[in-house]
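Close look at the chain arrangement
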Amino acid sequence: MKMIMAVVQDIDSAKLVEELTRNNIGVTRLASTGGFLKRGNTTLMIGVEEERLKDVIKIIERICRPRKQVVTPFPAAPGETMIPYPIEVTVGGATVFVMNVERFEKI
Amino acid sequence: MKMIMAVVQDIDSAKLVEELTRNNIGVTRLASTGGFLKRGNTTLMIGVEEERLKDVIKIIERICRPRKQVVTPFPAAPGETMIPYPIEVTVGGATVFVMNVERFEKI
Amino acid sequence: MKMIMAVVQDIDSAKLVEELTRNNIGVTRLASTGGFLKRGNTTLMIGVEEERLKDVIKIIERICRPRKQVVTPFPAAPGETMIPYPIEVTVGGATVFVMNVERFEKI
Ligand code: NI
Ligand code: NI
Ligand code: NI
């Protein structure tokens, strides 16, 4: 068995947990902040059998792939004449560590 | 040395931490949610020497074993005639991963 | 690649994260409580290449080394005649686990 520690963006974590659960993969969400990714992040602890490791990493890649998103910034201070225009930001991304599990117990 | 990551129910975590500490086993509680167990859970990170690993897993099994508990659900909306009756639910359970620690430092 | 799980005191964690980041070492902060250290603590998950492991442990030792600190306790209840005097306490310390990472993916 393998243990995956995946640091993902908050905006991707709910969808990723849902997709893993739907595939019958056990996952626990740890509260985490800062470091590997600029924005708010979540660390997922995922237990997986060797033969399904590849599939799980593919799921993470699919859900968390970095992609462009167009956001419109909030208008500046009221009375200001500058009109806010949409800008493109990159969201997503993940840092994935796979470690060996020597023993696994379901109590 | 081994690292145990144990996902346990919130209702069992305080007693388990107490019991491990009483046995001189270092344990850190990580805030966690959802996934392996239906209800609120806590992830415990436990560092243990190989020769005590068996004992620690026995402690986890003893404290966190799944067991039946009788709970009386809250009455339904006021004015409703249905009388709530006690039901049996299963509480407890744990998911335990053991990983090898290559190096351990107490600073 | 190696994964370091370091349990450090809250008072040292911000400085340690800053120092690791400045050295280009990826780090994620997990919310944690109790156990290995008496006071409030934080668990840092640090991914590092083998050749930099020694350096990272040296950084942790430098920032988190146990040291004496003089604190003046709060005065007792108002009206009490006892005058509080400064006392010396030990702060810092860390518990460091190093585990092997079999696979690492940056998505
Ligand atoms: Ni296996
Ligand atoms: Ni050992
Ligand atoms: Ni390596």
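Quick caveat, the model's predicted, so the values are computed rather than measured.

Examining the side chain of Ser13(A)
Residue and element names in this part refer to chain A. Mapped onto the secondary structure, serine 13 falls in helix α1 (residues 10–22). What makes serine 13 buried here is its relative accessible area of 4%. Contact partners of serine 13, with chain neighbours within four places excluded, come to Val8, Arg29 and Thr42.

Observations regarding the interface of chain A and chain B
Chain A puts 20 residues into the contact, and the matching count from chain B is 27 residues. Counting across the interface, chain A meets chain B through 1 salt bridge. Summed over the shared surface of chain A and chain B, the number is 6 residue pairs in polar contact (both at pLDDT 80 or more). Taken together, the elements giving at least two residues each to the side of chain A that touches chain B come down to β1 (2–9), β2 (26–33), β3 (41–48), β6 (94–100) and β7 (103–106) of chain A. When residues of the side of chain A that touches chain B are assigned to their parent elements, the largest contribution, 6 residues, is made by β2(A). Grouping the amino acids of the side of chain A that touches chain B by side-chain chemistry returns 11 nonpolar, 4 polar and 5 charged.

Structural notes on unusual backbone geometry
The phi dihedral of Asn24(B) is positive, around 70°, even though this residue is not glycine. Mapped onto the elements of the fold, Asn24(B) is located in the loop between α1 (10–22) and β2 (26–33).

What about the coordination of the nickel ion (ligand 1)?
Residue and element names in this part refer to chain A. Protein-derived ligands of the nickel ion (ligand 1) are Met1 (N) and Glu50 (OE), with the metal-ligand distances lying across 1.3 to 2.6 Å. In this pair, methionine 1 sits in the segment before β1 while glutamate 50 sits in helix α2 (residues 50–64), placing the two residues 49 residues apart along the sequence. The exposure class of glutamate 50 is partly exposed, given its relative accessible area of 38%.

Side note on the coordination of the nickel ion (ligand 3)
For the nickel ion (ligand 3), the full set of protein donor atoms is Met1(C) (N) and Glu50(C) (OE), and the range of their distances to it is 1.4 to 2.7 Å. Relative accessible area serves as the criterion here: at 15%, Met1(C) is assigned to the buried category.

Quick word on the nonpolar core
Note that soluble globular proteins tend to have their nonpolar side chains buried in a common cluster. Counting 27 residues, the largest nonpolar core has Met3(A), Met5(A), Met3(B), Met5(B), Met3(C) and Met5(C) as the members making the most contacts within it. Discounting residues that sit within four places of it in the chain, Met5(A) has contacts with Leu30(A), Thr43(A), Leu44(A), Met45(A), Thr95(A), Val96(A), Phe97(A), Met99(A), Met5(B), Met3(C), Met5(C) and Met45(C).

As for the interface of chain B and chain C
Taken together, the contact pairs 20 residues of chain B with 27 residues of chain C. Counting each side, the surface lost to burial between chain B and chain C is near 1,900 Å², with a carbon and sulfur contribution of 64%. Taken as a group, Glu102(B), Arg103(B) and Ile107(B) account for 35% of the area that chain B buries against chain C, more than any other trio of residues on that side. A salt bridge links Lys2(C) to Glu102(B), with the shortest nitrogen-to-oxygen separation between them at 2.8 Å. At the junction of chain B with chain C, the criterion picks out 6 residue pairs in polar contact (both at pLDDT 80 or more). Here the residues of the side of chain B that touches chain C are counted per class, giving 11 nonpolar, 4 polar and 5 charged. In this structure, strand β7 (residues 103–106) of chain B lies alongside strand β6 (residues 94–100) of chain C, joined through 4 bridges in antiparallel fashion. Along β6(C), the bridge assignment pairs Glu105(B) with Val96(C).

Here's the deal with the relation of the copies chain B and chain C
Its rotation angle being 120°, the transformation that places chain B on chain C also includes 0.0 Å of axial translation and leaves an RMSD of 0.0 Å. The relationship between the two copies is best expressed as a three-fold rotation axis. Taking the C-alpha atom as reference, chain B places Ala31(B) closest to the rotation axis, 3.4 Å from it.

Let's talk about the packing of aromatic side chains
For the coordinates displayed, the defined rule picks out 3 aromatic pairs over all chains. Seen in terms of ring centroids, Phe97(A) and Phe104(C) are 5.2 Å apart; in terms of plane orientation they differ by 40°. Their pairing is tilted. Of this pair, Phe97(A) sits in strand β6 while Phe104(C) is found in strand β7 (residues 103–106), placing the two residues in two different chains. Overall, Phe97(A) belongs to the buried group, its relative accessible area being 0%.

Definitions and cut-offs
- Numbering of residues begins from 1 in every chain and follows the order in which that chain's sequence is written.
- Chains and ligands are labelled sequentially in the order written, the chains with letters from A and the ligands with numbers from 1.
- Totals for whole chains, interfaces and linings use every residue, but because this is a predicted model, local features are given only for residues with pLDDT of at least 70 and side-chain atom pairs only at 80 or more, for both listing and counting.
- Based on all heavy atoms of the structure, the side-chain values leave hydrogens and waters out of the count.
- Segments assigned H or I by DSSP are reported as helices when at least four residues long, segments assigned E as strands when at least two residues long, and all are numbered from the N terminus.
- Working definition: with a 1.4 Å probe on protein chains only, accessible area under 20% of the residue-type maximum means buried, over 50% means exposed, and in between means partly exposed.
- What makes two residues a contact is simply this: any of their non-hydrogen atoms within 4.5 Å.
- Salt bridges are counted wherever a side-chain nitrogen of Lys or Arg sits within 4 Å of a carboxyl oxygen of Asp or Glu.
- As used in this structure description, the phrase polar contact means that two N or O atoms lie within 3.5 Å; if the pair is within protein, one of them must be able to donate a hydrogen and the other to accept it, and residues adjacent in sequence are counted only when both atoms belong to side chains.
- Each residue gets one label: Ala, Val, Leu, Ile, Met, Phe, Trp, Tyr, Cys and Pro are nonpolar, Asp, Glu, Lys and Arg are charged, and the others, such as Gly, are polar.
- In this description, a donor is an N, O or S atom within 2.8 Å of the metal centre, a cutoff extended to 3.2 Å for sodium, potassium and calcium. Water is not part of the atom list, which can make sites seem incomplete.
- Nonpolar cores were defined as sets of buried Ala, Val, Leu, Ile, Met, Phe, Trp, Tyr and Cys residues, with membership established by side-chain atoms within 4.5 Å.
- Accessible area, probed at 1.4 Å, shrinks when two parts are joined; the buried area is that loss added up over both.
- Only strands joined by at least two bridges in the DSSP assignment are considered to pair.
- All copies are superposed by least squares; the fitting set is the C-alpha atoms of residues with a pLDDT of at least 70 in both.
- Pairing of aromatic rings covers Phe, Tyr and Trp, the last through its six-membered ring, and needs centres within 6.5 Å; plane angles under 30 degrees mean stacked, over 60 mean edge-to-face, and all others mean tilted.

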